[in-house]
Amino acid sequence: MPLPSLYMVETSATVWQTWLLLDLMQHKQVGDLVTEKELGRLWLNRIHKRHIVFRSLPMAPVAVEQPLFEYIEVLCRLGMLTYITSGLYKIRRPYTIPKQTSDAFLEDGQMMKRWLNQAKEVT
């Protein structure tokens, strides 16, 4: 998903966003609660393993959590997570991996359509 802070992350958004969802869904199911701390641990683990790499931007300080927080907000807007209270979310929908490329493109298109519709509502 497009995020304002994507310029900070060298790793492809598709890659790091998928890793985060796979890591999360490996331990959680629909209806389970998840905390920002848990998501932060998954995020930092991938950074530590160098699976998520940040760009070197000497003129722009990088807050490594910013892309994560933006992505959590997107997941809430798309109905995958529900905000419960500060730092606590509920998983509403499972993450599915398309079996065919054509299915992946179809799902991407549907997701982007939802995202754009929500952006129109905000503006």
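Residues numbered from 1 in each chain as written. Predicted model: local features only at pLDDT ≥ 70, side-chain atom pairs only at ≥ 80, totals over all residues. Heavy atoms only, no water.

(A) Layout of the pairing of strand β3 (residues 88-91). For strand β1 (residues 33-35) and β3, the ladder comprises three bridges, and the chain directions are antiparallel. Bridge assignment links Val-34 to a residue of β3, and that residue is Tyr-89. In this structure, strand β2 (residues 81-85) lies alongside β3, joined through four bridges in antiparallel fashion. Residue pairing in the sheet places Leu-81 in a bridge with Ile-91 of β3. In sequence, β2 turns back onto β3 through a hairpin of two residues, with Gly-87 there showing a positive phi of about 80°. (Pairing = 2+ DSSP bridges. Helix = DSSP H or I, 4+ residues; strand = E, 2+ residues; numbered from the N terminus.)

(B) Structural view of helix α3 (residues 66-77). For α3, which comprises 12 residues, the first-to-last C-alpha distance of 17 Å matches the rise-based estimate of 16 Å (1.5 Å per residue) to within 8%. What α3 keeps buried is the set Pro-67, Leu-68, Glu-70, Tyr-71, Ile-72, Val-74 and Leu-75. Downstream of α3 by a residue or two, Gly-79 has a phi angle that is positive, lying close to 85°. (Expected span 1.5 Å × (residues − 1). Buried < 20%, exposed > 50% of the residue type's maximum accessible area, 1.4 Å probe, protein only.)

(C) Main features of the pattern of salt bridges. Summed over the entire model, instances satisfying the criterion amount to three salt bridges. Residues Lys-28 and Glu-38 are paired through a salt bridge, measuring 3.0 Å at the closest nitrogen-oxygen approach. Here Glu-38 lies in helix α2 (residues 36-48) and Lys-28 lies in the loop between α1 (13-27) and β1, a separation of 10 residues in the sequence. With a relative accessible area of 23%, Glu-38 lands in the partly exposed category. Of the charged contacts, one joins Glu-73 and Arg-77 as a salt bridge, the two residues approaching to 2.6 Å between their closest N and O atoms. Placement of both Glu-73 and Arg-77 in helix α3 is noted, with a separation of four residues, approximately one turn of the helix. Given the relative accessible area of 40%, Glu-73 is considered partly exposed. (Salt bridge = Lys/Arg side-chain N within 4 Å of Asp/Glu carboxyl O.)

(D) Structural context of the sheet that holds β1. The strand order across the open sheet built from three strands is β1-β3-β2, with neighbouring strands paired in antiparallel fashion. With one partner strand each, in any of the chains shown, β1 and β2 form the two edges of the open sheet. Each strand of the sheet is rotated relative to its neighbour by a mean of 35°, with strand direction disregarded. In the packing of α3 onto the sheet, contacts are made with β2 and β3, and the angle to β2 comes to roughly 110°. (Axes fitted to C-alpha atoms, helices over the stretch in contact; angles between N-to-C directions. Contact = heavy atoms within 4.5 Å.)

(E) Main features of the environment of Arg-92. Structurally, Arg-92 can be placed in the loop between β3 and α4 (101-122). Arg-92 sits 11 residues away from Leu-81 along the chain, and the two C-alpha atoms are 5.3 Å apart. Ignoring sequence-local partners within four residues, the contact set of Arg-92 consists of Val-30, Gly-79, Met-80, Leu-81 and Thr-82.

(F) Focus on the packing of α1 against α3. With their axes 12 Å apart at the nearest point, α1 and α3 run at an angle of 70° to one another. One way to sum up the angle between α1 and α3 is to call them roughly perpendicular. Considering the relative orientation of α1 and α3, their crossing is right-handed. In contact with Trp-16, Gln-17, Leu-20 and Leu-21 of α1, α3 contributes Pro-67, Leu-68, Tyr-71 and Leu-75. (Parallel < 35°, antiparallel > 145°, perpendicular 65-115°, else oblique. Left-handed = near helix turned anticlockwise from the far one by under 90°.)

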